[in-house]
Amino acid sequence: IVESEHISYLRMIYVAFALAVLSAAVEGRTVSSARSPVMTRLSQSRMMRNSRIGTHLRPTPKTTSMAWMDSAASPPPTREARIGRTTFIQAEGNPFMDAIKGFQDSFAKSMSAGGMIGDNKKTVIITGASSGLGLSATRELLDSGDWHVIMAVRDPEKAEAVAKAFEFPEDSYTIEELELESFESVRRFAKRMQNGRQPDVLVCNAALYLPASPEAQYTDEGYERSMQVNHLSHFLLLNLMMPIIQKAKDPRIIHVGSITGNTNTVGGGAVWPWADLGKVNGLAEGGKGIPMMDGGNFNGAKAYKDSKLANMMTILEAHRRYNDKTGITFNTLYPGCIAETALFRDKKPWFRKLFPLFMKYVTGGYVSEPEAGERLAQVVSDPMCKKSGVYWGWNGGAKTVAYLKVSSDPNERGLVGAGGSGGEIFENEPSAEVQNPEKAKRLWELSARAVGLPYDEQYVDVLPETAAEIAAKNGPKSLPGIPLPNFVPDSRGKLDKRAAGGTSSAALGGRQ
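Now for a quick tour of the structure. Sequence positions are assigned chain by chain, starting from 1 and proceeding in written order. Given that the model is predicted, a residue must reach a pLDDT of at least 70 before its local features are reported, and side-chain atom pairs must reach 80 or more before they are shown or counted; all residues, however, enter totals for whole chains, interfaces and linings. Processing note: side-chain calculations cover all non-hydrogen atoms of the structure and skip hydrogens and water entirely.

A look at the pattern of salt bridges
- Each salt bridge in this description consists of a side-chain nitrogen of Lys or Arg and a carboxyl oxygen of Asp or Glu lying within 4 Å of one another. Applying the stated criterion to the full structure yields 18 salt bridges.
- Of the charged contacts, one joins aspartate 119 and arginine 197 as a salt bridge, the two residues approaching to 2.9 Å between their closest N and O atoms. Note that aspartate 119 is positioned in the loop between α3 (95-113) and β4 (122-127) and arginine 197 in the loop between α6 (183-192) and β7 (201-204), a separation of 78 residues in sequence. When sorted by exposure, aspartate 119 lands in the same class as arginine 197, which is buried.
- Linking glutamate 433 and lysine 439 is a salt bridge whose minimum nitrogen-to-oxygen distance equals 3.0 Å. Considered together, glutamate 433 and lysine 439 belong to a single accessibility category, that of buried residues.
- Sharing partners across several salt bridges, the network here consists of Lys122, Asp250, Arg252 and Lys386. Numbering of helices and strands starts at the N terminus; helices are DSSP runs of H or I of at least 4 residues and strands are runs of E of at least 2. For every residue, the accessible area (1.4 Å probe, protein chains only) is compared with the maximum for its type, and the residue is labelled buried under 20%, exposed over 50%, or partly exposed between those bounds.

Examining the packing of aromatic side chains
- Stacked, edge-to-face and tilted are the three classes for Phe, Tyr and Trp ring pairs, Trp counted by its six-membered ring, which pair at centre distances within 6.5 Å; planes under 30 degrees apart are stacked, over 60 edge-to-face, the rest tilted. Applying the stated criterion to the full structure yields six aromatic pairs.
- Summarising the aromatic geometry, the rings of phenylalanine 183 and tyrosine 223 are spaced 5.8 Å apart at their centres and angled 55 degrees between planes, so their arrangement reads as tilted. Of the two residues, phenylalanine 183 sits in helix α6 while tyrosine 223 sits in the loop between β7 and α7 (225-245), which places them 40 residues apart along the sequence.
- Relative accessible area serves as the criterion here: at 4%, phenylalanine 183 is assigned to the buried category.
- For the pair phenylalanine 235 and tryptophan 444, a centre-to-centre distance of 4.8 Å together with 75 degrees between the ring planes defines the contact as edge-to-face. Taken together, the residues span a long stretch of sequence, with phenylalanine 235 in helix α7 and tryptophan 444 in helix α13 (residues 437-451) at a distance of 209 residues.
- The exposure class of tryptophan 444 is buried, given its relative accessible area of 4%.
- Connected via pairs of aromatic rings, a cluster forms that spans Phe166, Phe168 and Tyr173.

Overview of unusual backbone geometry
- Although it is not a glycine, glutamate 167 adopts a positive phi angle of roughly 55 degrees.
- As for its placement among the helices and strands, glutamate 167 is situated in the loop between α5 (156-165) and β6 (173-177).

Here's the deal with the packing of α7 against α13
- Whenever a helix is involved, its axis is fitted only over the stretch in contact; in every case the axis is a line through C-alpha atoms, and angles between N-to-C directions fall within 0 to 180 degrees. It is at 10 Å that the axes of α7 and α13 come closest, and there the two elements cross at 90 degrees. Overall, the two elements α7 and α13 adopt an arrangement that is roughly perpendicular. Taking contact as the criterion, the partners of His231, Leu232, Phe235, Leu236, Leu238 and Asn239 in α7 are, on α13, Leu443, Trp444, Ser447, Ala448, Ala450 and Val451.
- Of the residues in the contact of α7 with α13, the class split is nine nonpolar, three polar and no charged. The scheme is simple: roughly parallel for angles under 35 degrees, roughly antiparallel for over 145, roughly perpendicular for 65 to 115, oblique for anything else. Between two residues, a contact is recorded if the distance between any of their heavy atoms is within 4.5 Å. Classification used: nonpolar for Ala, Val, Leu, Ile, Met, Phe, Trp, Tyr, Cys and Pro, charged for Asp, Glu, Lys and Arg, polar for all others including Gly.

A word on α5
- Taken as a whole, α5 has its buried residues at Ala159, Glu160, Val162 and Ala163. Down the axis of α5, the sector holding all buried residues measures 165 degrees, keeping them to one side. Within α5, the exposed residues directed more than 90 degrees away from the buried face are Glu157 and Lys164.
- Within 3.5 Å is the distance limit for a polar contact, defined as a pair of N or O atoms, with the added protein rule that one can donate a hydrogen and the other accept it, and that residues adjacent in sequence qualify only through two side-chain atoms. Two or three places before glutamate 157, at the start of α5, stands the capping residue aspartate 155, its side-chain oxygen 3.2 Å from that residue's backbone nitrogen. Read the arc as the range of directions from the helix axis to the C-beta atoms.

Following this line, the structure appears as structure tokens:
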């Protein structure tokens, strides 16, 4: 069957080529001579072809016909179409050459979707794949031998250094630049994903946490940084990638959630400040220059928690809107408290030393980066996780503090019940706020307006607030810091045998 489909595509390409030759002849041109100025073999065509079949760092050719689409510049007077490694330059508007380009794109995509791009691997896109949870999930998926990982990162050079440090096979990953502080970068990334390998899964993982920032920081587009990086850019990416992902046989889109965005957990409900979007009037007022989604005073820790709440609300709303229409599985998860991750780089040194100990021996919520990566990889690949609209968790879902479990099996005993190490995957129960469908609709439409997508105007007005609601969102968000001595021993990387040397920071010789 595959052979016959392959031949059918080739026949269509040959027919289109013959029509193009006829068209060129009528125009008084020739495409048959290698010396003709109309036909040019680009020196970069082999590099471009290799980058689409698995080269780990895709070059960015400056002479391709699509370059003008990624900038504000006007389109060039000529356009290009390729057959194999040959590029044809033709006057703009030639319908026959457009037909060749259309057939070629369809053929390349079908070869990728059918596993004929050079391997039989599925393809997953992971944002923030060069460190922390994203890196650990990347390692786990690559170790399985079943996946090709597109590492969507803001710093390709860092990602390349990490890939070499962990000795990733060069044909098993691709590095793509994605700057989540720029909506335009997100759009360029999604456009590039239209060609080459067929993505099966999108994992929105990258996040920014700025608990020590006394004042809000803003992107060039005017939004608070953690609001745009964690929520708005991933919202835009989800919407742009849906038409591409849905072509896969088992399409999935996953947002990494957090207990900090769920007030029905110990970490989210017992630790101040609480995640709360209020009436989302911050976004309703335009979002730009507004420090918080609820419109209140800035607090870095709450900004992060609110963004994770928005991530989980977004994925459940996407499930309600698009699961039946597209067949895409929309899921979120809490992988456990990765107390050693670089996400906490903005915290004080004493906190970064003490927090892993506290999470392991007091709360029982500690999970090493490698184990958290295993959990995310499971949601990416496990047939059990094909069910859509689920918030996945492990080991009690962090809804209780840890308790000591006694067992003769050393793998079964210890502190359990706080979402920490061990335990089986299960369908977790998110908070009432996460499951609020009316607020999720409003968040969706306001987010769509913020990123420049079509939106429903009935959901975007500023809503009236009571005096109590205004006081709550503008009140103090955290308790005063407690200065602890710096001689607290650094036990990071020593609490779990899988944590030692298992982080990108360890590989690069220091915590980033």
